[in-house]
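Read off the chains here:
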Amino acid sequence: MGKHKAITGGKPRLAGGMILGAVASGAMAVASLSGAGVANATCASISGISIGGGANCSSTVTSTAIGLGTNASAFSSGLLNTAVSVGTNANANAEGALNTSLAVGKNAYAYSYGSLSLTAAVGEGADARAGYYTGDVFNTAIAVGKNSVASANSDGPLQPIEVPPAAGFGNLAVSLGEGNKAYAIGGLNAATSVGGKNNTAFAAGVANAATNLGGSNNFASATGGTGLTKPGLNNAFNVGGKGNLASASGGPFAIAGNVGGTGKNTVRTTTGVTVK
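Residues numbered from 1 in each chain as written. Predicted model: local features only at pLDDT ≥ 70, side-chain atom pairs only at ≥ 80, totals over all residues. Heavy atoms only, no water.

A. Here's a closer look at the overall build of the protein. Each helix and strand counted, the protein has one helix and 25 strands in total. Counting the 276 residues in the protein, one finds 51% classified as buried. Carbon together with sulfur atoms contributes 64% to the accessible area of the protein, which is approximately 10,600 Å² in total. (Helix = DSSP H or I, 4+ residues; strand = E, 2+ residues; numbered from the N terminus. Buried < 20%, exposed > 50% of the residue type's maximum accessible area, 1.4 Å probe, protein only. Areas by Shrake-Rupley, 256 points an atom, 1.4 Å probe, with all protein chains shown as cover.)

B. Structural detail: the environment of Gly 240. Summarising the element assignment, Gly 240 is placed in the loop between strand E21 (235-239) and strand E22 (245-248). Between the C-alpha atom of Gly 240 and that of Thr 262, which follows or precedes it by 22 residues, the distance is 9.3 Å. Gly 240 has contacts with Leu 213, Gly 214, Gly 215, Asn 218 and Gly 260, leaving out every residue within four places of it along the chain. (Contact = heavy atoms within 4.5 Å.)

C. Representation of the state of the cysteines in the model. Evaluation of the coordinates by the stated rule reveals one disulfide. The partner cysteine of Cys 43 in its disulfide is Cys 57, sulfur to sulfur 1.9 Å. Its S-S torsion of about 55° marks the bond between Cys 43 and Cys 57 as right-handed, since a negative value means left-handed. Of this pair, Cys 43 sits in strand E1 (residues 41-46) while Cys 57 is found in strand E3 (residues 57-59), placing the two residues 14 residues apart along the sequence. In terms of burial, Cys 43 and Cys 57 fall into one category: buried. (Disulfide = S-S within 2.5 Å.)

D. A look at the nonpolar core. One finds Ala 103, Ala 121, Ala 141, Ala 173, Ala 191, Ala 210 and Ala 236 to be the most contacted residues of the largest nonpolar core, which totals 33 residues. Once you skip the residues sitting within four places of it in the chain, Ala 103 turns out to touch Val 84, Ser 85, Val 86, Ala 90, Asn 91, Ala 92, Ala 108, Tyr 109, Ala 110 and Ala 121. Grouped together as the second largest cluster of nonpolar side chains are six residues, Leu 68, Val 84, Val 86 and Val 104 included. (Core = buried A, V, L, I, M, F, W, Y, C linked by side-chain atoms within 4.5 Å.)

E. Up close: unusual backbone geometry. Note the cis peptide between Gly 251 and Pro 252, where omega equals 5°. With respect to the secondary-structure elements, Pro 252 resides in the loop between E22 and strand E23 (254-259). Positive phi values are uncommon outside glycine, yet Asn 217 reaches one of about 55°. Along the polypeptide, Asn 217 turns up in the loop between strand E18 (209-213) and strand E19 (219-227). Judged by relative accessible area, which is 42%, Asn 217 ranks as partly exposed.

F. Layout of the pattern of salt bridges. A complete count under the given rule lists two salt bridges for this structure. Here Arg 129 ties to Asp 127 by a salt bridge, and the two come within 2.8 Å at their closest N and O atoms. Using a relative accessible area of 5% as the deciding quantity, one classes Asp 127 as buried. In this structure, Arg 129 engages Asp 155 in a salt bridge whose closest nitrogen and oxygen atoms are separated by 3.3 Å. Pair noted here: Arg 129 is in strand E11 (residues 127-130) and Asp 155 is in the loop between strand E13 (149-152) and strand E14 (172-176), with a separation of 26 residues, a long-range link. For the pair Arg 129 and Asp 155, one class covers both residues: buried. Each of Asp 127, Arg 129 and Asp 155 takes part in salt bridges that share partners, so that together they form one network. (Salt bridge = Lys/Arg side-chain N within 4 Å of Asp/Glu carboxyl O.)

G. Examining the confidence of the model for the protein more closely. For the protein, the average pLDDT comes to 88, and 84% of its residues sit at 70 or higher. When the criterion is pLDDT under 50, residues 5-40 qualifies, and its contacts beyond four places in sequence or with other chains add up to 51 contacts. (pLDDT = per-residue confidence, 0-100.)

H. Summary view of the pairing of strand E15 (residues 181-187). Counting buried positions along E15 yields six of seven residues, so the element is predominantly enclosed. Bridging between E15 and strand E17 (residues 200-206) involves seven bridges; their strand directions are parallel. Residue pairing across strands places Gly 187 opposite Val 206, the latter belonging to E17. (Pairing = 2+ DSSP bridges.)

I. Geometry of a nonpolar patch on the surface. On the surface, Leu 79, Leu 80, Leu 98, Leu 116, Val 137, Phe 169, Leu 188 and Leu 228 cluster together into a nonpolar patch covering about 650 Å² of accessible area. If you trace the backbone, Phe 169 turns up in the loop between E13 and E14. (Patch = residues over 30% accessible without salt bridge, like charges linked within 9 Å, V, L, I, M, F, W, Y side chains within 5 Å.)

J. Expanded view of the environment of Gly 186. Locating Gly 186 in the fold gives a position in strand E15. Between the C-alpha atoms of Gly 186 and Ala 207, which are 21 residues apart in sequence, the distance is 8.5 Å. Apart from the residues within four sequence positions on either side, Gly 186 is in contact with Asn 153, Gly 168, Phe 169, Asn 171 and Gly 205.

K. The side chain of Asn 212, seen in detail. Residue position: Asn 212 is located in strand E18. In terms of polar contacts, Asn 212 uses its side chain to reach the side chain of Ser 193, at 3.2 Å. A polar contact is formed between the side chain of Asn 212 and the side chain of Asn 238, at a distance of 3.0 Å. (Polar contact = N/O pair within 3.5 Å; in protein donor to acceptor, adjacent residues only side chain to side chain.)

Shown next as structure tokens:
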């Protein structure tokens, strides 16, 4: 497992060349709008050849790293990886094969590891991480909003499980909104916190989904399953409300949810549906 470097803080992947073009173009556009501008580009490194920014950008053969903004840094190593950072102290890292990391905003951090991982952290202090082990495959983490966190089989800040127990695959973590968090650990899990503020979604095991839509300070947890032949298939959700807990485990097909309200505690550990 490679170590994280210089930490300062569309689910499908496109072909490598298309991603590089789109990400680089998007980064330039954002930089221009934010005043970071191409003229103030900190550094760039392509296939091991670096210009500007001292040690703030580095890459290996076939990989690309671009940093735009004061103290922005980007590191890319392995096969066909891309790391782009835009903003003061923004940091992007991509290690392994066919990974892409994009960090946009002051102190934004994006890290991808393993293979076919995709991370995007957009906003001040946003943090997106995908992958933790060499065997991690096709994990996606997207964090948008101030201090938003998304972690797909990685070691995201304040994660209920500090580090994943094993390599994961096909996990999706999406966090949209200030202070929202989404953690997906294992295989084929989806954790989503969209809208509202300071909500947390946690999905772990195999084939579970945890969702928060709006509201504040809600927690959704869906866990269970030991493999593809014995998935959890559990679902926990909160829609609006404040300080609610929805927990689905055991199962399979355990569904627990809250709609509105304050301080609700809804737990389901067997097959069936409980919604308050």
